[in-house]
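What the coordinates show
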Amino acid sequence: MSSPYTSPEKLRMAVDDSKPLPLDEKCLHGTLSNGLTYYVQNNLKPEARAELRLVVKVGSVHEEDHESGLAHMVEHLAFRGTKEYDTFEVIRFLEAIGARFGACQNAYTAFDETVYFLQVPIDREGLLEKALTVLREWAYHVRCTDQDVEAERGIVLEEWRQGRTASARADEDFFTTLMEGSRYAKRLPIGKLDVIRNCSPATVRSFYQKWYHPKRMAVVAVGDFDQCCAGGAREVVGEIARLFDVEPPGAWAEAPEFSFPSHLEPRLSIFGDTEATNASVVVDCKRARQPVETEGDYRRTILEHLFHEALSTRLYKLAVAPGAPFF
């Protein structure tokens with residue numbers, strides 16, 4: 001009797017590893033005339049809700065020495081005030097419609113990106129439009145007055161202070177060792193204390209105006225659009241075009257490419273802290289970036305994930321076994 005299963009070899013032969021990975025056919029994707037990219041997809045669950053993102057391809061690595069921490073500062077200022085929303089009005093508006101600060105309205109700044117996100121109800125007419133307007137304000141109209149910057153310094157400094165834990169200090173040591181010799185090692189997103197304390201408001205405004213360009217942005221909208229919008233997801237695309245397809249507020253600035261230099265000799269860092277409550281060992285193997293663009297690329301990532309999961313499981317079993325040799 002022949003086997004009902006196809007052998008892995010035959011399956012591999014049936015797959016074209018060079019075939020580009022397609023975008024989900026349900027996703028409406030495009031680029032506005034000013035360069036901003038959008039992704040819109042209908043999703044039935046949760047009902048009458050939408051997840052919105054403004055992704056800006058700028059982070060701490062784009063800062064100069066005298067700007068260390070300004071990408072994060074701009075993220076903070078976005079919630080303080082914009083052209084259309086006065087001081088903290090954007091937070092109060094979003095909370096009034098059921099989007100709690102922190103859980104449903106928040107943002108983060110990383111080395112290469114700054115991402116703003118909202119989770120909002122769309123069960124009443126006009127709510128989605130207003131939520132998208134908030135993203136538009138963050139994209140083009142963050143208020144960076146002298147008074148705003150001076151008032152926000154203390155909040156950013158407090159976040160910096162709260163982050164001075166043993167775990168955070170260990171992470172900082174790990175990242176600076178891992179990225180030694182690159183710009184990343186000198187650009188942790190939280191920034192430098194003296195810059196946060198002393199940067200001029202004009203420098204903050206200049207950073208925002210230079211890097212927040214629509215060609216460097218994407219708007220992502222996923223939600224129950226077919227049920228809550230007469231025109232479904234296509235209506236959302238039209239709303240994004242209406243709100244975001246405007247003349248760029250500033251000139252385009254080309255961003256330099258940053259990379260990690262390779263090294264043959266292993267690097268070792270031993271970090272101790274009197275406040276540490278546990279010990280850990282990390283082994284990191286650096287390699288050249290491997291993009292995931294084809295079916296073969298995706299298959300490779302699955303195999304790597306399976307390998308790492310299997311290895312982690314075996315090491316865990318050794319660690320919890322009685323008489324583990326490395327404890």
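All of the points below concern the structure found in this document.

**Some words on the overall build of the protein chain**
Secondary structure assignment for the protein chain yields 11 helices and 6 strands. The principal-axis extents of the C-alpha atoms in the protein chain amount to approximately 65 × 60 × 40 Å. Long-range pairs, those at least 24 residues apart, make up 80% of the contacts in the protein chain between residues at least 6 apart in sequence. Here the protein chain contributes 39 positive and 50 negative side-chain charges, whose respective centroids are spaced 2 Å apart.

**Side note on the pairing of strand S3 (residues 49-56)**
Here S3 shows one buried face, formed by Ala50, Leu52, Leu54 and Val56, and one open face, formed by Arg49, Glu51, Arg53 and Val55. With 8 bridges joining them, S3 and strand S5 (residues 114-121) adopt antiparallel strand pairing. Across the sheet, residue Leu54 finds its bridge partner in S5, namely Tyr116. Across 7 bridges, S3 lies against strand S6 (residues 217-223) in antiparallel orientation.

**Re the sheet that holds S6**
Spatially, S1-S2-S6-S3-S5-S4 is the arrangement adopted by the 6 strands of the open sheet, whose pairing is mixed. Strands with a single pairing partner mark the edges of an open sheet, and in this sheet they are strand S1 (28-31) and strand S4 (105-109). Between one strand and the next, the sheet's axes are offset by a mean angle of 10 degrees, whatever the strand orientation. Of the pairings in the sheet, the one linking S4 to S5 comprises 5 bridges and is antiparallel in character.

**Considerations on the environment of Lys192**
Within the secondary structure layout, Lys192 lies in the loop between helix H6 (166-178) and helix H7 (193-198). Overall, Lys192 belongs to the partly exposed group, its relative accessible area being 38%. For the pair Lys192 and Glu257, spaced 65 residues apart in sequence, the C-alpha to C-alpha distance is 22 Å. Setting aside its immediate chain neighbours within four residues, Lys192 contacts Ser68 and Lys186.

**Here's the deal with a nonpolar patch on the surface**
Taken together, Leu21, Val292, Tyr298, Ile302, Leu303 and Leu306 make up a surface patch of nonpolar side chains, about 530 Å² in accessible area. You can see Leu306 is positioned in helix H11 (residues 295-320).

**What about unusual backbone geometry?**
In this structure, Pro46 follows Lys45 across a cis peptide bond, with omega equal to -5 degrees. Residue position: Pro46 is located in the loop between strand S2 (37-42) and S3. One non-glycine residue, Ala48, adopts positive backbone phi at about 55 degrees. If you trace the backbone, Ala48 turns up in the loop between S2 and S3.

**Observations concerning the packing of aromatic side chains**
Centre distance and the angle of the planes are the two values used to describe a pair of aromatic rings. In the structure shown here, the tally under the stated rule is 11 aromatic pairs. Consider the rings of Phe79 and Tyr116, whose centres lie 6.5 Å apart with planes at 35 degrees: the pair is tilted. Residue Phe79 is located in helix H2 (residues 70-80), and its partner Tyr116 is located in strand S5; the two are separated by 37 residues in the primary sequence. Look at Phe79 and you get buried, because its relative accessible area is 7%. By relative accessible area, Tyr116 is classed as buried at 0%. Site record: aromatic cluster; members linked through ring pairs are Phe111, Phe174, Phe175, Tyr184 and Phe260. When the ring centre of Trp160 is taken as origin, the NZ or CZ atom of Arg164, which lies over that ring, is 5.0 Å away. Looking at Lys215, its charged tip hangs above the ring of Trp252, at a distance of 5.6 Å from the centre.

Rules and cut-offs
- Residues numbered from 1 in each chain as written.
- Predicted model: local features only at pLDDT ≥ 70, side-chain atom pairs only at ≥ 80, totals over all residues.
- Heavy atoms only, no water.
- Helix = DSSP H or I, 4+ residues; strand = E, 2+ residues; numbered from the N terminus.
- Contact = heavy atoms within 4.5 Å.
- Lys, Arg positive; Asp, Glu negative; His and termini not counted.
- Charge placed at Lys NZ, Arg CZ, Asp CG, Glu CD.
- Buried < 20%, exposed > 50% of the residue type's maximum accessible area, 1.4 Å probe, protein only.
- Pairing = 2+ DSSP bridges.
- Axes fitted to C-alpha atoms, helices over the stretch in contact; angles between N-to-C directions.
- Patch = residues over 30% accessible without salt bridge, like charges linked within 9 Å, V, L, I, M, F, W, Y side chains within 5 Å.
- Areas by Shrake-Rupley, 256 points an atom, 1.4 Å probe, with all protein chains shown as cover.
- Salt bridge = Lys/Arg side-chain N within 4 Å of Asp/Glu carboxyl O.
- Phe/Tyr/Trp six-rings, centres within 6.5 Å; stacked < 30°, edge-to-face > 60°.
- Lys NZ or Arg CZ within 6 Å of the ring centre and 35° of its normal.

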